[in-house]
Amino acid sequence: MDVEERKKIGKKAVSIAISGNVLLTLLNFVVGMLSGSMALVAESAHTFSDVLTSIITSVGFKIGLKPPDSKHPYGHGRAEPLAGLIIVLFLGIIAYEILSEVYRKLILGAALTPPEMTAAVMALLGVGANLAMTTYMMRAGKKINSPAIVADAHHQKVDIFSCAAILVGVVGSRMGFPILDPLVAIFIAFMVLKTAFDIGRDNINNIMGTVPSRDIMINIKKAAMAVPGTFGIHNVRINYLGPYASVDLHVAVEGNLSLKEAHEIAHSVERNIIKEVDVVNIVTVHVCPRDEDNDEEFCVE
């Protein structure tokens, strides 16, 4: 996927997230105040944090699109997983706020007043809107391999559960179980923390250069071995740079080749890996003489 197409898809996903969450923030606050639902008012603050994290995602995505320069020869792609880690911080703050409100209601004995049914209608609308935004952002983020947009989609997914919990809490409160609302809030808080943990792990692995699966190694081998004159590869290294990766590898060729011939094979391997393995955009090839006793050598150290 070229840079312009990736840029177009990413910007559209972020714009939908920001505009959708701004609208939900306003609706949650207005309906929450009119219906007497503190949960919806709190959800409006939560949704406003989604606006902030979407802005962080947008900034990380734009920085990640910058081409390499003298100070950043591998580009700026790591800005995206860094933006994902900032989202983790926001999720931790949200979980703390939810649990603080539960503590105020259950331990300090704050009044548990059933809200109006309009709060339930708004919660149901929130479930549908957040489900649509989460699905769209997750597909877009995976399509362009954007850690920041995928992290933001996971953050958005938490809102589905929080709106569903508000719906259950409102209905339960109206049926005579006002304690149901804070109990469901505890579940939401732990869902938020679980999401924060998953996002943090994935983005730290990206920054640390963890290989996501052996499939990418197999695809690199196939692309390299498709070049005539290549008899094996070894010492493969993958370095993740946000949405993209750089690859260093050794290629075995005939030992009696001229420097020019070996150089041409190396460049052909570089071009073919970049062409065939979508996530890779930088390849460095070291040419070494073929070991006839161990053709098709392929080891990852």
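Above: the structure in question.
None of the values given here were measured: they were computed from a predicted structure.

Peer 1: What is the right way to look at the packing of helix α4 (residues 118-143) against helix α5 (residues 147-174) in this model?
Peer 2: Geometrically, a packed helix pair is captured by the angle between its two axes and the distance between the axes. At a closest axis distance of 8 Å, the pairing of α4 and α5 adopts a crossing angle of 165°. With respect to their mutual orientation, α4 and α5 come out roughly antiparallel. For the crossing formed where α4 meets α5, the hand is left-handed. In the contact of α4 with α5, the residues fall into 18 nonpolar, six polar and four charged.

Peer 1: Is there a simple way to explain the pattern of salt bridges in this structure?
Peer 2: When their charged atoms lie close together, side chains carrying opposite charge are able to pair. One pass over the structure, following the stated rule, counts three salt bridges. Here D198 and K194 are joined by a salt bridge, their closest N and O atoms 2.7 Å apart. Note that D198 and K194 are positioned in helix α6 (residues 180-208) at a spacing of four residues, about one turn of the helix. Residue K194 is classed as partly exposed on the basis of its relative accessible area of 47%.

Peer 1: Sorry, what's going on with α4 here?
Peer 2: For an α-helix, the turn length of 3.6 residues means that residues three or four places apart are oriented alike. Its 26 residues give α4 an end-to-end C-alpha distance of 38 Å, which sits within 8% of 38 Å, the value for a rise of 1.5 Å per residue. Within α4 the residues assigned to the buried category are A119, A120, M122, A123, G126, N130, M133, T134, M137, M138, A140 and G141. Among the residues trailing α4, N145 stands out with phi positive, at a value near 55°.

What counts and what doesn't
- Position numbers for residues start from 1 in each chain and track the written sequence from start to end.
- In view of the model being predicted, local features appear only for residues whose pLDDT reaches at least 70, and side-chain atom pairs are presented and counted only at 80 or more, with totals across whole chains, interfaces and linings using the full set of residues.
- Computation of side-chain values: all heavy atoms of the structure, hydrogens and water removed.
- To obtain an axis, a line is fitted to C-alpha atoms, over the contacting stretch when the element is a helix, and the angle between two such axes runs from 0 to 180 degrees between their N-to-C directions.
- The helix count covers DSSP runs of H or I at least four residues long, the strand count covers runs of E at least two residues long, and both are numbered beginning at the N terminus.
- By the definition adopted for this analysis, an angle is roughly parallel if under 35 degrees, roughly antiparallel if over 145, roughly perpendicular if from 65 to 115, and oblique otherwise.
- Less than a right angle of anticlockwise turn of the near helix away from the far helix marks a crossing as left-handed, whereas a clockwise turn marks it as right-handed.
- In this classification, Asp, Glu, Lys and Arg are treated as charged, Ala, Val, Leu, Ile, Met, Phe, Trp, Tyr, Cys and Pro as nonpolar, and every other residue, Gly included, as polar.
- Should a side-chain nitrogen of Lys or Arg be within 4 Å of a carboxyl oxygen of Asp or Glu, the pair is scored as a salt bridge.
- Exposure categories follow from relative accessible area, calculated using a 1.4 Å probe and restricted to protein chains: below 20% of the type maximum is buried, above 50% is exposed, and the middle band is partly exposed.
- Between the first and last residue of a helix there are one fewer steps than residues, each counted as 1.5 Å, and that sum is the expected span.

Keep in mind these numbers describe shape, not what the thing actually does.
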